[in-house]
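Listed below, chain by chain, are the residues.
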Amino acid sequence: MQRTHRCGELRVDQDGQDVVLMGWVNRRRDHGNLIFLDLRDRTGITQVVMDKEISGEAHAKAEAARSEYVVAVKGKVRRRDAGLENPNMATGAIEVVAKELLLLNEAKTPPFSPAEDAIANEEVRLKYRYLDLRREQMQYNFALRHKVARAIREYLSENGFLEIETPFMTRSTPEGARDYLVPSRVHPGDFYALPQSPQIFKQILMISGFDRYFQIARCFRDEDLRADRQPEFTQIDLEMTFPRQETVFRTVEGFLTAAFKTAGIQLEGPFLQMTYDDAIRKYGIDKPDMRLPAMVEFTDDLDPALRETLKIEQKLPILGFIIPKAGGLSGTERKKLLSEVRAGFGESGLDLLDTERLKTSEAFAPLAATITQKLEATPEDLVVVVTPKLGTPEMWNFDRQWIYKRVGALRLQLAQKFADKHKLFEQTGTANDFKFLWVTDFPMYEWNEEAKTWDAAHHPFTSPHEDDIKSGALFNDKGSVRALAYDVVLNGTELGSGSIRIHRQDVQAEIFRSLGMSDEEAKQRFGFFLDALEYGTPPHGGIALGLDRIVMILAGATSLREVIAFPKTAKAIDLMVDAPSAATEQQMKELHLKIAARS
RNA sequence: GGGGACGUAGCUCAGUUGGUUAGAGCGCUGCCCUGUCACGGCAGAGGUCGCGGGUUCGAGCCCCGUCGUCCCCGCCA
């Protein structure tokens, strides 16, 4: 028997045709002498009717059929009579009248039903991933993922990019995350590292004259997981020679527009652009969620006398923001929220004002109008103003950014709290759901308090701004050096990160030195790369974007596990195959490994 | 490494102040049913209350520990 159609394909046009469908039993409805089987494959569901009077044999087999049995049906497409159509199904205007039914395979009663809307807990879903993946939503997610990846491949290919593979078994790269290591059998005691990104290889491909490279590449980082972080993930990695930042931006906007188009979303380019400093000042974070209004600074709106009255620190910033639509709180809710937020501030010296206090406090009366107006707040919105209390920690005079970041974090936390209730992030299926942003001019260095060193904020191959090299800031004032580094941000999620690279060997060596790396160490770790830079390296730059994150947001999911077929748990375990697992003694011996202690 | 939430039938969950025999819906099994599409009706099976210890006359409920899943901070460009 040969399948002629998929389960989601038949329409009234095929009325009267003989067809063969194969698929899973989604549901069975037994009416005695009449049995309905809903047959499912990834294209959809078709109702099959077994009538005892038409085919007693098929009917008898249908009596034995159960959920998730795999069956083949030979029969005739029949337009349903008036009143019997099901408008909720794409195939609801027809049904297939079975002449012959084959049970191709039985199925144990599944622990949860792929046909149900209610979904089981993740532990069960991950253990029986093959059942979970049969669910319509998951089938949709992976079809979407395929389409997005394909659109990106096509766009980049058409724009002169070559897809080139780079090794999985390589050596430590300079991203700064922990490496997954692979022991070498041939070289006792030596290890390959799985790539955290193809960074060095793609730069060498530029030196090799490939001009434009891309790869949809798996990357590995042994760090703790989050909803949007898996130990292995997929990057759309690209690099080009002779670029300006804008060249990279337009390329990314191009392929994202193509990718979103396949998902039915028409994006408007170019994306908004903002410096890192602005992002911190207006949103308190380097990956602003532009779906929510920015913070507003009221520092200059309070004169010293008023600050004194209100017991607010004289010099430090006063920041406010609104959470749209979340204003209608009861007295009890308001009190609870206030005390929660205050508890969250702890010893930080921050305090909070809200709409109610703004209205009722006499001292604030002159300000209330200004605040409401500057925030463009309506009575529906929750208004929050954060003030540093008198006698705040001294460090604040040196690290004002901390206040912006803390208030920015509160903004996100409150938005999250009210998101569901007020549908703050509900998708409408238009470009409005997706707020893209380029963040530019990231700092070159980052102070590592623990090690008391300056680290590369992006990675050590990132080019600093020309001006900051000339001014000598590289060594005098590392905190002020800007990098030619940029992030692309979508709805508060960092989608990707890139930079214009250093292409001169002398500059690269200088940067290693400025990071406190001795020439010997640089040579030992990156000698091959410093060598390569000396053989005619063109100016180059690029970016890498998280494919999983793009698909997650497009699918309206909140966890990468929804768009990775076989993901790992928060403890990096694969519940289906039960990995990681112990190696056999023989394997350990061959790899020259011994377990020191198993705690 | 730290904080929080959860863990009761195959699944989703309820279980009061610690009290007798731990419940519901779905699913499952059997029987009935010719127009259902979350079919319906009747009957039935199904429990290591995550695990270990403690308090108590008595623990699903209280205490301690532990394991697992999820979320967050640290960490991760």
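Conventions adopted
Residues numbered from 1 in each chain as written. Chains lettered and ligands numbered in written order. Predicted model: local features only at pLDDT ≥ 70, side-chain atom pairs only at ≥ 80, totals over all residues. Heavy atoms only, no water. Helix = DSSP H or I, 4+ residues; strand = E, 2+ residues; numbered from the N terminus. Buried < 20%, exposed > 50% of the residue type's maximum accessible area, 1.4 Å probe, protein only. 1 Å grid on protein atoms, 1.4 Å probe; cavity = no way out; pocket = protein on both sides within 12 Å on 5 of 7 lines; lining within 4 Å. Points joined across faces, edges and corners; volume = space filled by probe spheres on them. Nonpolar A, V, L, I, M, F, W, Y, C, P; charged D, E, K, R; others polar. Pairing = 2+ DSSP bridges. Contact = heavy atoms within 4.5 Å. Axes fitted to C-alpha atoms, helices over the stretch in contact; angles between N-to-C directions. Salt bridge = Lys/Arg side-chain N within 4 Å of Asp/Glu carboxyl O. Core = buried A, V, L, I, M, F, W, Y, C linked by side-chain atoms within 4.5 Å. Phe/Tyr/Trp six-rings, centres within 6.5 Å; stacked < 30°, edge-to-face > 60°. Polar contact = N/O pair within 3.5 Å; in protein donor to acceptor, adjacent residues only side chain to side chain.

Enquirer: Could you clarify how one ought to interpret the environment of A596 in this entry?
Expert: Here A596 lies in the segment after helix 18 (585–590). Here A596 falls in the exposed class, since its relative accessible area comes to 82%. In this structure, the C-alpha to C-alpha distance between A596 and A263, residues 333 residues apart in sequence, is 51 Å.

Enquirer: For this particular structure, what's the right way to read the layout of surface pockets?
Expert: The volume enclosed by the second largest pocket comes to roughly 990 Å³. Lining the second largest pocket are 36 residues, with R40, D41, G44, I45 and E136 positioned closest to its centre. No other element matches the 9 residues that helix 4 (residues 136–158) contributes to the lining of the second largest pocket. Split by residue class, the lining of the second largest pocket holds 12 nonpolar, 11 polar and 13 charged.

Enquirer: Is there a simple way to think about empty space enclosed by the protein in this case?
Expert: In this approach the atoms are scanned with a rolling probe the size of a water molecule, which exposes any empty space left behind. All told, the structure shown has 2 cavities of 30 Å³ or more when counted by the stated rule. Of the pockets and cavities examined, the second largest cavity occupies roughly 40 Å³. Each residue belonging to the lining of the second largest cavity can be placed in one class, and the counts come to 6 nonpolar, 3 polar and 1 charged.

Enquirer: Could you clarify how one ought to interpret the sheet that holds strand 19 (residues 485–490) in this entry?
Expert: Sheets are built from strands paired through backbone hydrogen bonds, the pairs being either parallel or antiparallel. Strands sit in the order 6-9-10-21-20-19-16-11 across an open sheet of 8 strands; the sheet is mixed. Only two strands of the sheet have a single neighbouring strand rather than two, namely strand 6 (162–163) and strand 11 (272–275). When strand 16 (residues 436–440) meets strand 19, the two strands line up antiparallel, connected through 4 bridges. Bridge pairing in strand 19 links W438 to V488. Sitting on the sheet, helix 4 touches strand 6, strand 9 (212–220) and strand 10 (232–241), and the angle it makes with strand 9 is about 150 degrees. Sitting on the sheet, helix 5 (residues 199–207) is in contact with strand 9, strand 10 and strand 21 (540–546), with an inclination near 25 degrees to strand 10.

Enquirer: Sorry if this is basic, but what is going on with the pattern of salt bridges here?
Expert: Oppositely charged side chains may form a pair once their charged atoms are brought near each other. For the structure on display, the rule yields 33 salt bridges. Of the charged contacts, one joins R513 and E510 as a salt bridge, the two residues approaching to 3.0 Å between their closest N and O atoms. Pair noted here: R513 and E510 are both in helix 15 (residues 505–514), with a separation of 3 residues, about one helical turn. The class of E510 is partly exposed, set by a relative accessible area of 28%. Look at the salt bridges and you will find they share partners, linking R125, R129, D132, R135 and E562 into a network.

Enquirer: For this particular structure, what's the right way to read the sheet that holds strand 2 (residues 34–41)?
Expert: The strand order around the closed barrel formed by 5 strands is 1-2-3-5-4, and the pairing between neighbours is mixed. With direction set aside, neighbouring strand axes in the sheet form an average angle of 55 degrees. Relative to the sheet, helix 1 (residues 56–64) contacts strand 1 (18–30), strand 2, strand 3 (44–51) and strand 5 (94–105), its axis offset from that of strand 5 by approximately 65 degrees.

Enquirer: Quick question: what am I supposed to make of the pairing of strand 17 (residues 445–448) here?
Expert: Here is the key point about a regular strand: its side chains alternate between the two faces of the sheet. Here strand 17 runs beside strand 18 (residues 453–456); their pairing, made up of 4 bridges, is antiparallel. Bridge assignment links E446 to a residue of strand 18, and that residue is D455. Turn length for the strand 17-strand 18 hairpin, with the two strands adjacent in sequence and antiparallel, is 4 residues, and the turn residue K452 shows positive phi of about 55 degrees.

Enquirer: What should I look at first to understand the nonpolar core in this one?
Expert: Soluble globular proteins tend to bury their nonpolar side chains together. Ranked by internal contacts, the top residues of the largest apolar core, which has 44 residues, are F321, I323, L382, L410 and L414. Per-element tally for this core: the top contributor is helix 12 (residues 401–422), with 8 residues. The contact partners of L414, leaving out residues within four places of it in the chain, are F321, I323, L337, V341 and V384.

Enquirer: What should I look at first to understand the packing of aromatic side chains in this one?
Expert: Applying the stated rule across the entire model yields 15 aromatic pairs. For the ring pair F271 and W438, a centre distance of 6.4 Å and an interplane angle of 25 degrees mean the geometry is stacked. With F271 in the loop between helix 6 (245–262) and strand 11 and W438 in strand 16, this residue pair connects regions lying 167 residues apart in the sequence. Of the two residues, F271 and W438, both sit in the buried class. Taken together, a centroid distance of 4.9 Å and an interplanar angle of 55 degrees make the contact between F461 and F529 tilted. Placement of F461 in the loop between strand 18 and helix 13 (466–470) and of F529 in helix 16 (residues 519–533) is noted, with a sequence separation of 68 residues between them. Each member of the pair, F461 together with F529, is buried.

Enquirer: Before we go on, may I ask you to explain the side chain of R549 in this structure?
Expert: Positionally, R549 belongs in helix 17 (residues 547–554). A polar contact is formed between the side chain of R549 and the backbone oxygen of D228, at a distance of 3.0 Å. Excluding residues within four positions of it along the chain, R549 makes contact with D228, R229, T493, E494, L495 and L560.

Enquirer: It is not clear to me how the environment of A279 should be interpreted in this structure. Could you clarify?
Expert: In this structure, A279 sits in helix 7 (residues 276–283). Distance in space between the C-alpha atoms of A279 and V489 is 11 Å, their sequence separation being 210 residues. In contact with A279, not counting residues within four places along its chain, are M274, G284, I285, D286, P288 and V439.

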